[in-house]
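# Structural features, examined
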Amino acid sequence: MRSSQKHFGTCRICGVDKELSYEHVPPRIAFNKTTRHVSVPHDEWTKIDNFLEYKPKGKILQGGIGYYSLCRDCNSFLGQNYVKAYEQWVLTGIQIISKYKVDYFNYVALQQEPLKILKQIISMFIAMNDKWYLEEYPELASFVKDPNSNILPDKFRVFAYLNNQGQYRYFKHGVISQPGLGIINATELAFPPFGYVLTFDFAHDISHFQNITSFKSYKLGEKADVEMFLYKLPTYLPFSPLDYRSKDKIDADTKASR
Ligand SMILES: [Zn+2]
């Protein structure tokens with residue numbers, strides 16, 4: 001939540017130490033203007049016995065989810081360069097997901113600007129992760145900072161799915177052990193209508209994910225009709241990355257493990 005006190009720190013995009021402004025993740029215009037959410041410390045989640053019955057007692061925050069992680073200049077840079085294109089992308093997602101009650105979509109989005117969309121998605125991952133991110137993966141910030149840049153090294157891959165069931169998921173970079181796939185370094189963001197996963201040094205495809213990394217190869221301002229298959233996946237457990245089990249399945253698994 002936005003607060004009146006000043007926040008100083010290192011901007012995750014330009015790397016300069018200065019006053020940080022509140023960066024909405026996703027942007028306000030992508031239906032994150034008045035989002036109510038509950039702030040629960042991460043360690044509290046780890047003590048919960050049954051997530052589905054859990055009612056968070058944390059403070060209710062209003063005004064959209066975000067982070068004090070970017071300076072005002074970088075914040076407005078994103079607003080001026082990428083947010084409009086991202087809004088178009090999200091509007092199409094909302095339309096499609098509310099119109100069809102299925103879990104697998106032949107997703108068609110006309111006249112999109114893929115390069116800008118991808119840069120906005122990467123900037124959201126930068127904003128929600130900590131300062132070490134810029135030091136460890138400066139290529140991400142470089143890709144975002146230069147609107148014309150098509151340079152996003154192959155070790156980074158971005159995946160997408162549709163999402164409108166469950167909870168918001170803001171999973172900071174972590175090491176995830178995934179049955180059948182092994183160890184994955186990734187960070188995940190789910191906020192309807194989309195969920196995204198950014199992986200590091202992971203060469204395989206992940207079932208039910210659509211790889212959208214090729215968005216990086218479009219020219220700045222180039223519009224394209226994007227057509228692809230997208231799954232709609234639920235995210236009931238906010239701190240359990242890559243977990244898309246249904247409510248019933250989580251319930252059954254919880255009972256079985258007792
Ligand atoms: Zn900055």
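First, a word on scope: everything that follows refers to the structure included in this document.

Scoring rules and cut-offs
- Here the residue numbers are simple positions, counted from 1 along each chain's written sequence.
- A pLDDT threshold of at least 70 governs which residues receive local features in this predicted model, and a stricter bar of 80 or more applies before side-chain atom pairs are shown or counted, although totals over entire chains, interfaces and linings include all residues.
- Field definition: a residue is buried when 20 or more other C-beta atoms are found within 10 Å of its C-beta, exposed when 12 or fewer are, and partly exposed for counts in between, with C-beta atoms placed from the backbone.
- Secondary structure elements are taken from DSSP: a helix is a run of H or I of four residues or more, a strand is a run of E of two residues or more, and numbering for both begins at the N terminus.
- What the arc describes is the spread of directions from the helix axis to the C-beta atoms.
- Each residue gets a C-beta atom placed from its backbone, and two residues are in contact if those atoms lie within 7 Å.
- Strands qualify as paired when DSSP identifies two bridges or more between them.
- Here, axes are lines fitted to C-alpha atoms. For helices the fit covers the stretch in contact, and angles between N-to-C directions go from 0 to 180 degrees.

Let's shift gears to helix H2 (residues 72–81). Of the positions making up H2, those classed as buried are Cys74, Asn75 and Leu78. Down the axis, H2 shows its buried residues gathered within 105° of arc, on one side only. Contacts from the buried residues of H2 go to strand E2 (17–24), strand E5 (66–71), helix H3 (83–99) and helix H4 (114–128).

This part takes up the sheet that holds strand E1 (residues 7–10). With antiparallel pairing, the 3 strands of this open sheet are ordered in space as E1-E2-E5. With partners counted over all chains shown, the strands left at the sheet margins are E1 and E5, one partner each. Taken over all neighbouring pairs, the strand axes of this sheet differ in orientation by 60° on average, direction set aside. Sheet topology places E2 next to E5; 5 bridges connect them, and they run antiparallel. Residue glutamate 23 lies in a different strand from E5, and its bridge partner there is tyrosine 67. Sheet contacts for H2: E2 and E5; angle to E5, the most-contacted strand, approximately 105°.

With that settled, consider the environment of lysine 223. Inspection of the secondary structure puts lysine 223 in the loop between strand E11 (210–211) and strand E12 (224–231). Through-space distance from the C-alpha of lysine 223 to that of glutamate 113 is 4.8 Å; in sequence the pair is 110 residues apart. Leave out the neighbours within four places in its chain, and lysine 223 touches Gln111, Gln112 and Glu113.

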